[in-house]
Amino acid sequence: GGKAIANFESVADPKAAVRAQLADWPKADLDKLMKRHYENYWYSNDAETIVRHAKLVRRADSEGRPLTTETSADKFRAVTEFTLYAPDHPGLFARVAGAMASAGANIVDAKVFTTNDGMALDMFFIQDMEGAAFDKPDRLKRLNLAIDRALSGDLKLRSAIALETPGVPSRARIFKVEPRVLIDNAASNRWTVIEVNGRDRPGFLYDVTRGLYDANLTIG
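Residues numbered from 1 in each chain as written. Predicted model: local features only at pLDDT ≥ 70, side-chain atom pairs only at ≥ 80, totals over all residues. Heavy atoms only, no water.

K.L.:
So what's going on with the overall build of the protein chain? Which residues, and what values?
P.N.:
The number of helices and strands found in the protein chain is 10 helices and 6 strands. Burial analysis of the protein chain (220 residues in total) assigns 35% to the buried set. Sequence separation of at least 24 residues holds for 60% of the intrachain contacts in the protein chain that already meet a minimum separation of 6. When the accessible area of the protein chain is evaluated, it comes to approximately 13100 Å², of which 54% is carbon and sulfur surface. (Helix = DSSP H or I, 4+ residues; strand = E, 2+ residues; numbered from the N terminus. Buried < 20%, exposed > 50% of the residue type's maximum accessible area, 1.4 Å probe, protein only. Contact = heavy atoms within 4.5 Å. Areas by Shrake-Rupley, 256 points an atom, 1.4 Å probe, with all protein chains shown as cover.)

K.L.:
An account of the packing of aromatic side chains is needed here, citing residue identities and associated values.
P.N.:
For the coordinates displayed, the defined rule picks out 3 aromatic pairs. Taking the centre distance of 5.9 Å and the plane angle of 80° together, the rings of Tyr 41 and Trp 42 count as edge-to-face. Residue Tyr 41 is classed as buried on the basis of its relative accessible area of 1%. Take Trp 42: its relative accessible area is 1%, and that puts it in the buried class. The interplanar angle of 35° and the centroid separation of 5.3 Å between the aromatic rings of Phe 93 and Phe 124 together place this pair among those described as tilted. (Phe/Tyr/Trp six-rings, centres within 6.5 Å; stacked < 30°, edge-to-face > 60°.)

K.L.:
Can you explain the side chain of Asn 45? Please cite residues and give values.
P.N.:
The residue Asn 45 is located in the loop between helix 4 (39-42) and helix 5 (47-63) in this model. Accessibility expressed as a relative area gives 9% for Asn 45, which makes it buried. A polar contact of 3.1 Å, which involves the side chain of Asn 45, links it to the backbone oxygen of Tyr 41. If we skip the residues at most four places from it in the chain, Asn 45 touches Ile 50, Lys 111, Phe 113 and Met 123. (Polar contact = N/O pair within 3.5 Å; in protein donor to acceptor, adjacent residues only side chain to side chain.)

K.L.:
Describe the layout of surface pockets, with residues and values.
P.N.:
Roughly 910 Å³ of internal volume is contained in the largest pocket. Ile 194, Val 208, Thr 209, Leu 212 and Ile 219 are, among the 33 residues lining the largest pocket, the residues nearest its centre. Secondary structure elements with two or more residues in the lining of the largest pocket: helix 6 (92-102), strand 3 (105-114), strand 6 (193-197) and helix 10 (204-214). Of all the elements, strand 3 adds the most residues to the lining of the largest pocket, at 7 residues. Tallied by class, the residues present in the lining of the largest pocket amount to 23 nonpolar, 6 polar and 4 charged. (1 Å grid on protein atoms, 1.4 Å probe; cavity = no way out; pocket = protein on both sides within 12 Å on 5 of 7 lines; lining within 4 Å. Points joined across faces, edges and corners; volume = space filled by probe spheres on them. Nonpolar A, V, L, I, M, F, W, Y, C, P; charged D, E, K, R; others polar.)

K.L.:
If you had to explain the nonpolar core to someone new, which residues and values would you point to?
P.N.:
Across soluble globular proteins, nonpolar side chains have a tendency to be buried as a group. Counting 28 residues, the largest nonpolar core has Phe 82, Met 100, Phe 124, Ile 126, Leu 143 and Ile 147 as its most contacted members. Sorting the residues of this core by element identifies strand 2 (79-87), helix 6, strand 3, strand 4 (119-128), helix 7 (137-151) and helix 8 (157-164) as the ones contributing at least two each. Among the elements that line this core, the one with the most residues is helix 6, at 8 residues. When residues no more than four places from it in sequence are discounted, the contact partners of Met 100 are Phe 82, Ala 105, Ile 107, Phe 124, Ile 126, Leu 143 and Ile 147. Judged by nonpolar contacts, the second largest core, of 22 residues, contains Ala 54, Val 57, Tyr 85 and Leu 121. (Core = buried A, V, L, I, M, F, W, Y, C linked by side-chain atoms within 4.5 Å.)

K.L.:
If you had to explain helix 6 to someone new, which residues and values would you point to?
P.N.:
Within helix 6, 10 of the 11 residues are buried, which leaves the element mostly enclosed by the surrounding structure. Within the sequence span of helix 6, burial applies to Leu 92, Phe 93, Ala 94, Val 96, Ala 97, Gly 98, Ala 99, Met 100, Ala 101 and Ser 102. Two residues or fewer past helix 6, Gly 104 is found with a positive phi of approximately 85°.

K.L.:
Tell me about the confidence of the model for the protein chain, and name the residues and values.
P.N.:
Scored by pLDDT, the protein chain comes out at a mean of 88, with 89% of its residues at no less than 70. Counting interchain partners and residues more than four positions distant, the pLDDT-below-50 stretch residues 3-10 has 0 contacts. Across residues 168-172, where pLDDT falls below 50, the model places 3 contacts with residues more than four positions away in sequence or in other chains. (pLDDT = per-residue confidence, 0-100.)

Rendered as structure tokens:
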């Protein structure tokens, strides 16, 4: 019994697992990493993902980059993991979601984190509009350009999304699905939980998150 409990505790301590995998890092760098993230981050990702993020963040910080992105295609799940690291600011999530829609990427999942020194570390899991991994080099290049332009304010997102999917409005008239919004203030002691149901379409997540931004709400 005692041995099983000890093993469980070691697995349940993500910081210890990360420290073990980054044993060659200077102690100061490791301590900075441990203090940088809020607790929810440590228990929302596995050690391998955290280590990959740590290396990305360390590289970005050393190079002084205002925006760093990284992609990894998972052919088995037919999805591409797109990681973004940038200074956090209101509307960041909405702008990135809009840029992705304008580049023809469909967001099927996302994880949003903010460090305690004001940086956003966001993970988007994306596919192309046919349901395959979004991994062709020319499309990834276009996606990164769209994000750069969106974050600099140089891209009219609604117009760009409409240009990317010109046939969607006509199809949208065929099926009428009334949207539903559920607001729950009891599920969390820090956040209001908003559940939105509606017919999927390119730019749907952008419309939802832009609506939250327009209402002066922060997405956690």
